[in-house]
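Analysis of the macromolecular model
Residue strings, one per chain:
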Amino acid sequence: MLKNFITVAFRNLRKTAFYSLLNIMGLSIGLASGLIILLFVYQELSYDTFHSKHEQIYRIWLNGKMAGQELDVAVSSPPVGPTATNELPEVKSFVRIRTVGEEMVRFGDKVYTEKDNVMMVDSSFFSVFDFHLLKGDANTCLTEPQTAVISERLAQKYFDSYDVLGKTLVVGDFNTSYKITGLVENPPSNSHINFDLLYSMPASIHEEEGNWFSNGLYTYLLVEKGTDPAVLDEKLGQMTERHLGPLVEQAFNTTMEEFKKSGNKYGYHPQALAAIHLDDFISDNPEVGGNRSYLYIFSAVALFIIAIACINFMNMATARSAGRAKEVGLRKTLGAFRSHLIIQFIAESVIITIIATFIALIITSLCLGMFNEISGKQLEVSMLMQPEVIVGIALLVILVGVFAGSYPAFYLSHFNPAAVLKGQITTGMRSRGIRNGLVVFQFFVSIFLIVSTLLIYRQVEYTRGRDIGFDKENLIILSQVHRLEGNRVAFKEAITGSTHFSEATYSNNALPEIRNKSIFRKEGVMEDHIVAVYSVDYDYLETMDMRLVEGRNFSRDFATDTAAIILNQAAVKEFGLSDPLSEHIISFEGESPTPMKVIAVVEDFNFETLKQPATPLLLRLNEAGSFLAVRIPAGDPAPHLAELRRLWGEYAGDEPFSYRFVDDEYARLFDAEERMGTIFTIFSILAVVIASIGLFGLAAFTAERRTREVGIRKVLGASVSQLVLLLSKDFAILVAIAFAISIPVVYYVMGQWLMGFAYRIDIGWWVFVLAGLMAFLIAFTTVSFQSFKAARSNPVNSLKSE
């Protein structure tokens, strides 16, 4: 019987080759699109699950609130790990990580600059995590001081060989020698801990193990199996209060109880390892995390696209039902059971799905590289071979096959054989109503995606083009300028004296970032305020092209400016200053409280993420900054960079030359949104193409079914344009219904997405009009092609058999 089902299925595919090809093409594109998106979602959800003990590993994060400002950060203090291991029976071990950032590494006469891939770690690193050590002993490779483990990437880069054990690297500003004791496999792409160089935790960290207020380490706890995270959270809170209470009393002259009653809090909490990548409410992560809401959005898009492809099949199958009605009647007359007919039609659907899935897998394999380039991910074809992915694809084939073939199967199999064989059966209003409903759904999804794509694009462009309070174009930041040592002043003077550059300034920050926040008070007021601090030299405002609202810049003509500050507008509002230039702000960063005179107010500028408004900022004078900003003329930066490199070599010797463009750094802030917009655009186009394929087939069938009607109307004098309008108007009505349904849905969904931006566009009515017109144009173009073809046909051919 199975052989008969398959034989009949292929016979029908050949018989209706045109419609079968449309079905397979639409399903293939839809399944390939869905597979790529679902692979992306699968990888995002699989972050850090390759560690065998990932369910027992928790990272400690800090939730605090002081001076009315709340913070959720991924870092913790040095004593948290050792104290939890000693005092909490649930905790078996701990490992701490400190990211080093940009680091200079020397081997022989070669000097390298490593950025964001150097970490100092505890010796327990390889016993907690399952990073694969290719050479060396996982238990002892980092136990000795000044030992290091490097990745395969670094081994090839430095030595062009994996024979690295025993070799020595000179690392950092103090030229510390580290002996290589291990070679580790490159971290997987779904790891939130990405590194190339690990070196043993220095003694200075261990010396800080009594400092509960210094938060700069990532602490991971390995706990006993079955540990309740709620219980662990409670015990961590109790542990923190035991050790932090006396320090709070000493620092703030208040008890921990009073500290909390005044609205403050300071506590450490466990975060499951597998949740780290997607928990974007916690800041200061070692890598740019994912976004859980984007996963929901892309999962919905994948399901929508697959659903549209299935709807194409259902529409075509139900539309052609009258053509197979006699087959059903004859089979029933010859004794076929309804269950056999249902199996027959579902089998045909599953066969089409299997063929489409095979083609979809080929398309997926060919397009993964392009998707990786767009999304910034590292999806691999081998992911398709994972057991869970194979099972998922098999289930997808079955579900799609059954779903797409279910209605045609049950609809066709209920026909009365006597009525069918007498020619008294038609597709009926019910069948047409369902087809129309499915077409409406297809174009509802298409319009939703079109509007969403337009709004995402507009928001990203608006944010990119927004005035952020200073001129970020043609601005270069040099790091590691402390390596100039005594040549700092001479180097800056050489730059400002060259025609290649206009201004230069030293500061302690490389925009966009903030490295220091501290507590300040308005003079005469006991209320604390947490404010970001920039240490800058005399030329900072001019070089950055920042605008003064009132007051004056720092000046060498005023010796008292060493105790002067400039506030941004947000800080003025934070302190509640009505006349800022007459005020003093108290700093607690020295040995005793120090009043600092406000000499100016600068216009707000965004020095952090553009998703939030500018935060309170204080500028103070300091010429010993570790970054140098250099402004170059507009145009080709190459000759200016060459001159800057030459001057660096003249004043810094063979020290590595490291730079970045400020506008590129700001662009990276919106990488995720820009990538999302690009992906959305691509899959929106694919969804519309798939919907159009189905509409094309449905229009072709409708035109075919109405051939005689068209012939009669032409004989009676109907023009081609009238006939095209007649055959197209039903589909236009369906698109109009889809448009009306989509407006409130997309307005709500995209409104919620835009709420995540401090500076956002308005959802204008014209976006909906444009999307509606695009949908109408697509539908009309698709349908009118078949309608025009039918309208131009010779009526003699359609009526000669009457």
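Just so it is clear, the structure is predicted and the values come from calculations on it, not from any experiment.

Description of the overall build of the chain
Within the chain, the regular secondary structure consists of 24 helices and 24 strands. Across the chain, the fraction of contacts at a sequence separation of at least 24, relative to all contacts at a separation of at least 6, is 79%. If you sum the accessible surface of the chain, you get close to 36,100 Å²; carbon and sulfur atoms cover 57% of it.

Regarding the pattern of salt bridges
Evaluation of the coordinates by the stated rule reveals 19 salt bridges. The partner of Lys235 in a salt bridge is Glu90, and the shortest N-O contact between them spans 2.6 Å. Here Lys235, found in helix α7 (residues 229-252), pairs with Glu90, found in the loop between α3 (80-87) and β3 (91-99); they are 145 residues apart in sequence, far enough to count as distant. For Glu90, a relative accessible area of 13% corresponds to the buried category. We note a salt bridge from Glu643 to Arg646, for which the minimum N-O separation is 2.8 Å. Taken together, the residues span about one helical turn, with Glu643 and Arg646 both in helix α18 (residues 638-652) at a distance of 3 residues.

What about the side chain of Ser191?
Structurally, Ser191 is set in the loop between β10 (176-184) and β11 (197-200). On the basis of relative accessibility, which here comes to 0%, the residue Ser191 falls in the buried class. Looking at Ser191, its side chain comes within polar contact range of the main-chain oxygen of Ile193, at 2.8 Å. Ser191 has contacts with Tyr47, Asp48, Phe50 and Phe131, leaving out every residue within four places of it along the chain.

A few points about the side chain of Lys377
Mapped onto the elements of the fold, Lys377 is located in the loop between α11 (338-375) and α12 (387-413). When its relative accessible area of 15% is taken as the criterion, Lys377 is described as buried. At 2.5 Å, the side chain of Lys377 forms a polar contact with the side chain of Glu44. In this structure the side chain of Lys377 is engaged in a polar contact, spanning 3.3 Å, whose partner is the side chain of Tyr47.

Focus: a nonpolar patch on the surface
Where nonpolar side chains cluster on the molecular surface, the patch consists of Trp765, Trp766, Val769, Leu770, Leu773 and Met774 and spans about 610 Å² of accessible area. For Trp765, the position within the fold is in helix α23 (residues 765-791).

Section: the nonpolar core
One recurring pattern in soluble globular proteins: nonpolar side chains tend to sit buried together. Ile37, Phe298, Phe443, Val451, Phe683 and Trp753 are the most contacted members of the largest nonpolar core, which has 75 residues in total. Of all elements in the fold, only α2 (17-45), α9 (292-319), α11, α12, α14 (428-465), α20 (671-705), α22 (720-754) and α23 reach the threshold of two or more residues within this core. Val451 has contacts with Val746, Val767, Phe768 and Ala771, leaving out every residue within four places of it along the chain. Val73, Val80, Val149 and Tyr266 belong to the second largest nonpolar core, which has 50 residues in total.

Considering helix α15 (residues 488-496)
Every buried residue belonging to α15 is among Arg488, Phe491, Lys492, Ala494 and Ile495, and all of these are buried. What you see down the axis of α15 is that its buried residues fit within an arc of 160°, all on one side. Looking at α15, the residues exposed on the side facing more than 90 degrees away from the buried face are Val489 and Glu493. On the buried face of α15, the contacting elements are β14 (475-478), β15 (503-507), β23 (627-631) and α18.

Observations concerning the environment of Ile393
Tracing the sequence through the fold places Ile393 in helix α12. By relative accessible area, which is 12% here, Ile393 ends up buried. It is 8.4 Å that separates the C-alpha atoms of Ile393 and Thr357, two residues lying 36 residues apart in sequence. Setting aside residues up to four positions removed in sequence, Ile393 forms contacts with Leu35, Thr357, Leu361 and Leu384.

Here's the deal with the pairing of strand β9 (residues 168-171)
The two faces of β9 differ: Leu169 and Val171 on one face are buried, but Thr168 and Val170 on the other face are not. Bridge count between strand β4 (residues 103-107) and β9: 2 bridges; the pairing is antiparallel. When the bridges of β9 are listed, Arg106 appears paired with Val170. Where β9 lies against β10, 4 bridges are found, and the strand directions are antiparallel. Within β10, the residue paired with Leu169 across the bridge is Tyr178. If you look at the hairpin formed by β9 and β10, you'll find 4 residues sitting between the two strands, and Gly172 has a positive phi there, around 85°.

Focus on the packing of α15 against α18
Across the interface, α15 lies against α18 with an axial gap of 10 Å and an inter-helix angle of 155°. As far as their axial angle goes, α18 and α15 are roughly antiparallel. α18 is crossed by α15, and the crossing has right-handed handedness. Here Ala490, Phe491, Ala494 and Ile495 of α15 lie close against α18, whose contacting residues are Leu644, Leu647, Trp648 and Tyr651. For the contact of α15 with α18, the per-class residue count stands at 8 nonpolar, no polar and no charged.

A closer look at unusual backbone geometry
Of note, Asn474 is a non-glycine position whose phi angle comes to about 55°, a positive value. Within the secondary structure layout, Asn474 lies in the loop between α14 and β14. The phi dihedral of Glu485 falls on the positive side, at around 50°, and the residue is not glycine. Among the structural elements, Glu485 can be located in the loop between β14 and α15. We classify Glu485 as exposed; its relative accessible area is 64%.

Points about the environment of Asn553
By the element assignment, Asn553 lies in the loop between β18 (548-551) and β19 (564-568). In this structure Asn553 comes out as partly exposed when scored by relative accessible area, which is 22%. Spatially, the C-alpha atoms of Asn553 and Ala600 are 6.8 Å apart, while their sequence positions differ by 47 residues. With residues near it in sequence (within four places) discarded, Asn553 still touches Tyr538, Leu541, Leu548, Asp561, Ile566 and Ile599. Separated by 3.3 Å, the side chain of Asn553 and the backbone oxygen of Tyr538 make a polar contact.

Details of the environment of Val100
Locating Val100 in the fold gives a position in the loop between β3 and β4. The class for Val100 is partly exposed, based on a relative accessible area of 24%. Remark: the alpha-carbon pair of Val100 and Asn117, spanning 17 residues in sequence, is separated by 7.9 Å. The contacts of Val100, once residues within four sequence positions are left out, are Val118, Met119, Met120 and Tyr199.

A word on α18
Its 15 residues give α18 an end-to-end C-alpha distance of 20 Å, which sits within 8% of 21 Å, the value for a rise of 1.5 Å per residue. Looking at α18, one finds that the buried residues are His640, Leu641, Glu643, Leu644, Leu647, Trp648 and Ala652. Buried residues of α18, viewed axially, fall in a sector of 160°; they line one side. Elements that come into contact with the buried residues of α18 comprise β14, α15, β23 and β24 (659-661). Downstream of α18 by a residue or two, Gly653 has a phi angle that is positive, lying close to 70°.

Side note on the pairing of β3
The pairing of β3 with strand β12 (residues 218-223) spans 6 bridges and is classified as antiparallel. Of the residues in β12, the one forming a bridge with Ser93 is Leu222.

Overview of the packing of aromatic side chains
Given two aromatic rings, their pairing is described by the distance between the two centres and the angle made by the two planes. In the structure shown here, the tally under the stated rule is 30 aromatic pairs. Geometrically, the ring pair formed by Phe125 and Phe126 is edge-to-face, given 5.1 Å between the ring centres and 85° between the ring planes. Between Tyr659 and Phe661 the ring centres are 6.0 Å apart and the planes differ by 85°, which places this aromatic pair in the edge-to-face class. Judged by its relative accessible area of 17%, Phe661 falls in the buried class. Through pairs of rings, three or more aromatic residues link up here, namely Phe50, Phe125, Phe126, Phe129, Phe131, Phe195 and Tyr220.

How each quantity is defined
- Residues numbered from 1 in each chain as written.
- Predicted model: local features only at pLDDT ≥ 70, side-chain atom pairs only at ≥ 80, totals over all residues.
- Heavy atoms only, no water.
- Helix = DSSP H or I, 4+ residues; strand = E, 2+ residues; numbered from the N terminus.
- Contact = heavy atoms within 4.5 Å.
- Areas by Shrake-Rupley, 256 points an atom, 1.4 Å probe, with all protein chains shown as cover.
- Salt bridge = Lys/Arg side-chain N within 4 Å of Asp/Glu carboxyl O.
- Buried < 20%, exposed > 50% of the residue type's maximum accessible area, 1.4 Å probe, protein only.
- Polar contact = N/O pair within 3.5 Å; in protein donor to acceptor, adjacent residues only side chain to side chain.
- Patch = residues over 30% accessible without salt bridge, like charges linked within 9 Å, V, L, I, M, F, W, Y side chains within 5 Å.
- Core = buried A, V, L, I, M, F, W, Y, C linked by side-chain atoms within 4.5 Å.
- Arc of directions from axis to C-beta.
- Pairing = 2+ DSSP bridges.
- Axes fitted to C-alpha atoms, helices over the stretch in contact; angles between N-to-C directions.
- Parallel < 35°, antiparallel > 145°, perpendicular 65-115°, else oblique.
- Left-handed = near helix turned anticlockwise from the far one by under 90°.
- Nonpolar A, V, L, I, M, F, W, Y, C, P; charged D, E, K, R; others polar.
- Expected span 1.5 Å × (residues − 1).
- Phe/Tyr/Trp six-rings, centres within 6.5 Å; stacked < 30°, edge-to-face > 60°.

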